[in-house]
Amino acid sequence: MEINGYKLMADMCKEILEDEKYEKSDDEIKEFENKLRIYNIIADFNGDDKYIAFDSGMFNDIFKGYLELIIDDLDQTYSNYNDENKKQALYQIKDDLENIGGFIFGMYSSKQAEDKYNGDGGQSDGSE
């Protein structure tokens, strides 16, 4: 039997909500209730469901925001260099895009990426 990480995360949220030892604000309760609901839905995904969800376009703005954040990072890094270095920056973009799942999703929250895409700068605190 394969371990379902989303089921584990849902169970953890449920335990936190039910644990009366720790005082939780209304906002924290709402956050854990929302996470519990979503993790329970995702835990039931079959092999193709994640593709259907992603292809639905629900995450397009977030994904585009991640790409814009990469380009901004590279532009900031290479803005003071000559044209040859700009070419190297393009190669770096290519490498970054090839490795996007390996690091960029860990560098920025999906909220930051969506904010960036929607023109809010992507400078949120990273909470979702």
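Details of the structure are given in the entry above.
Reading guide: rules and limits
- Residues numbered from 1 in each chain as written.
- Predicted model: local features only at pLDDT ≥ 70, side-chain atom pairs only at ≥ 80, totals over all residues.
- Heavy atoms only, no water.
- Patch = residues over 30% accessible without salt bridge, like charges linked within 9 Å, V, L, I, M, F, W, Y side chains within 5 Å.
- Areas by Shrake-Rupley, 256 points an atom, 1.4 Å probe, with all protein chains shown as cover.
- Salt bridge = Lys/Arg side-chain N within 4 Å of Asp/Glu carboxyl O.
- Helix = DSSP H or I, 4+ residues; strand = E, 2+ residues; numbered from the N terminus.
- Buried < 20%, exposed > 50% of the residue type's maximum accessible area, 1.4 Å probe, protein only.
- Phe/Tyr/Trp six-rings, centres within 6.5 Å; stacked < 30°, edge-to-face > 60°.
- Lys NZ or Arg CZ within 6 Å of the ring centre and 35° of its normal.
- Contact = heavy atoms within 4.5 Å.
- Lys, Arg positive; Asp, Glu negative; His and termini not counted.
- Polar contact = N/O pair within 3.5 Å; in protein donor to acceptor, adjacent residues only side chain to side chain.

(A) Focus on a nonpolar patch on the surface. A surface patch of nonpolar side chains, about 360 Å² in accessible area, is lined by F54, M58, F59 and F63. Within the secondary structure, F54 sits in helix α3 (residues 49-55). Assessed through its relative accessible area of 39%, F54 is described here as partly exposed.

(B) The pattern of salt bridges, seen in detail. This model, assessed by the stated rule, comprises three salt bridges. Across the salt bridge formed by E31 and K35, the nearest N and O atoms sit 3.0 Å from each other. Taken together, the residues span about one helical turn, with E31 and K35 both in helix α2 (residues 26-43) at a distance of four residues. Under the relative-accessibility criterion, E31 is labelled partly exposed at 32%.

(C) A look at the packing of aromatic side chains. Counted according to the given criterion, the structure contains three aromatic pairs. Residues F54 and F59 carry aromatic rings whose centres are separated by 6.2 Å and whose planes lie at 20° to one another, so their mutual orientation is stacked. Through pairs of rings, three or more aromatic residues link up here, namely F54, F59 and F63. The ring centre of F32 lies 6.0 Å from the NZ or CZ of K35, which sits over that ring.

(D) Representation of the environment of A43 within the structure. Positionally, A43 belongs in helix α2. In the structure, A43 is positioned 38 residues away from G5 in sequence and 7.6 Å away in space, judged by C-alpha atoms. Discounting chain neighbours no more than four positions away, the residues touching A43 are N4, Y6 and K7.

(E) Local environment of the side chain of K24. Relative to the helices and strands, K24 resides in the loop between α1 (5-18) and α2. No salt bridge forms around the buried K24; measuring N to O, its nearest opposite-charge neighbour D19 is 5.9 Å away. Side-chain polar atoms of K24 contact the backbone oxygen of I16, separated by 3.1 Å. Polar side-chain contacts of K24 include one of 2.6 Å to the backbone oxygen of D19. In contact with K24, other than residues within four places in its own chain, are I16, L17, D19 and I29.

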